[in-house]
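# A look at the structure
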Amino acid sequence: MARGDQIYVFREFINIHGVYQHHGIDCGDGTVIHYRKGTEKIERNPIEYLADGRQVYIKKYPVRYIADTTIQRAESRLGERKYNLLFNNCEHFATWCVTGVSYSQQVVDFIPILKHLPVDELSQPIQQAIKDAQPEDTTQLLNQALAEIKVAWDNIHPQYKEALKEMKDWEKVAFLALQKDREDLAREALFRKRNSKQKVEDLEENLNKIATMTETLIQNQRDLMERTVDGK
């Protein structure tokens, strides 16, 4: 590891090992800047806090900022409390520091999105089932809930990306039409842009609901583990 590196470790997601990565920026002095779990705040902590006894890996890029710039970018966001599992997680932050692009590959690959059932209709039965379950059954229910909500990312995410692209494309069309004094075409393009924007907002609202529900499931798992440890 070197100063300015984007580093990460594998952690558990619910009871599934090795599927969740926690990312941060190595400051080169034994500390790391990262979105700290629990506080959901960007902090500087000892690198051992991020590692937590696990193997630490380095994220490599063919083109990236130099170390000084990377750390300056990380330090500029210290204290931020805008964590979002799908749109502004620890990997989004670390990748932005290193490359200038807020991106999370594990969101693209893994984060659960509902395909068939409305989020609001699924969330309440899951929480009630967990509440009513015997302690020995709760872990299984949590894993079942995760399985229910992780099957449709490949279906929804391309729609979201396409809607974003359409919105930007229609904005360009409107701009070019105005340059050519075609107000009629500009009005039509702006109308289509508004439709695309509404689609983007609707999809993002659903994604945020999923993020909230997923975080709730994770917290339920943490609470269960703490109760199990306390009961021993």
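Note: the structure precedes this text.
Residues numbered from 1 in each chain as written. Predicted model: local features only at pLDDT ≥ 70, side-chain atom pairs only at ≥ 80, totals over all residues. Heavy atoms only, no water.

This part is about the overall build of the chain. In terms of regular secondary structure, the chain is built from eight helices and five strands. Among the 232 residues that make up the chain, the fraction classed as buried is 39%. Surface exposure of the chain reaches about 13,300 Å², of which carbon and sulfur atoms provide 51%. (Helix = DSSP H or I, 4+ residues; strand = E, 2+ residues; numbered from the N terminus. Buried < 20%, exposed > 50% of the residue type's maximum accessible area, 1.4 Å probe, protein only. Areas by Shrake-Rupley, 256 points an atom, 1.4 Å probe, with all protein chains shown as cover.)

Let us now look at the environment of Ser76. Mapped onto the elements, Ser76 comes out in the loop between α2 (67–75) and α3 (90–99). Ser76 gets classed as exposed once you look at its relative accessible area, which sits at 54%. When the C-alpha positions of Ser76 and Cys97 are compared, they lie 9.6 Å apart, and in sequence the two are 21 residues distant. Of note is the side chain of Ser76, whose polar atom sits 2.6 Å from the backbone oxygen of Arg73. (Polar contact = N/O pair within 3.5 Å; in protein donor to acceptor, adjacent residues only side chain to side chain.)

With that settled, the discussion passes to the packing of α2 against α3. Running from amino to carboxyl end, α2 crosses α3 at an angle of 140°, the nearest separation of the two axes being 7 Å. When the axis of α2 is compared with that of α3, the two are oblique. Judged by the twist between their axes, the crossing of α2 over α3 is right-handed. Note on element contacts: α3 touches α2 through Phe93, Trp96, Cys97 and Val98, opposite Thr70, Arg73 and Ala74. (Axes fitted to C-alpha atoms, helices over the stretch in contact; angles between N-to-C directions. Parallel < 35°, antiparallel > 145°, perpendicular 65-115°, else oblique. Left-handed = near helix turned anticlockwise from the far one by under 90°. Contact = heavy atoms within 4.5 Å.)

All chains considered together, the criterion is met by five aromatic pairs. Ring geometry for Tyr35 against Tyr83: centres 5.4 Å apart, planes inclined by 70°, an arrangement best described as edge-to-face. With Tyr35 in strand β3 (residues 31–36) and Tyr83 in the loop between α2 and α3, this pair connects stretches of sequence that are 48 residues apart. Each member of the pair, Tyr35 together with Tyr83, is buried. Between Tyr35 and Phe93, the ring centres sit 6.3 Å apart and the planes meet at 80°, which makes this aromatic pair edge-to-face. In this pair, Tyr35 is assigned in strand β3 and Phe93 in helix α3, connecting sequence segments 58 residues apart. Among the residues examined, Tyr35 registers a relative accessible area of 1% and is labelled buried. (Phe/Tyr/Trp six-rings, centres within 6.5 Å; stacked < 30°, edge-to-face > 60°.)

All told, the structure shown has eleven salt bridges when counted by the stated rule. For Arg64, the salt bridge identified is with Asp5, shortest N-O distance 3.8 Å. In this pair, Arg64 is assigned in the loop between β5 (57–59) and α2 and Asp5 in the segment before β1 (6–13), connecting sequence segments 59 residues apart. Asp5 gets classed as buried once you look at its relative accessible area, which sits at 13%. Among the ionic pairs, Asp169 bridges to Lys165, the shortest N-O distance being 2.8 Å. Residue Asp169 and its partner Lys165 are both found in helix α7 (residues 153–179); the two are separated by four residues, about one turn of the helix. By relative accessible area, which is 47% here, Lys165 ends up partly exposed. (Salt bridge = Lys/Arg side-chain N within 4 Å of Asp/Glu carboxyl O.)

To continue, consider the pairing of strand β4 (residues 41–46). For a regular strand, side chains alternate in direction, first toward one face of the sheet and then toward the other. Note that β3 and β4 share six bridges and pair antiparallel. Its bridge partner being in β4, Tyr35 is matched across the sheet by Ile42. (Pairing = 2+ DSSP bridges.)

With that settled, the discussion passes to α3. The periodicity of an α-helix, 3.6 residues per turn, causes residues three or four positions apart to be oriented the same way. Taking burial as the measure, the ten residues of α3 include eight buried ones, the bulk of the element. Of the residues making up α3, those classed as buried are Cys90, Glu91, His92, Phe93, Ala94, Thr95, Cys97 and Val98. Put simply, Asn89 is the residue that caps the front of α3, since its side-chain oxygen is 2.8 Å from the backbone nitrogen of Glu91. Of the residues one or two after α3, Gly100 is the one with positive phi, at around 90°.

Now for the side chain of His22. For His22, the position within the fold is in strand β2 (residues 16–26). Polar side-chain contacts of His22 include one of 2.9 Å to the side chain of His34. Setting aside chain neighbours within four positions, we find His22 in contact with Ile7, Tyr8, Val9, Arg11, His34, Tyr35, Lys37, Leu50 and Cys90.

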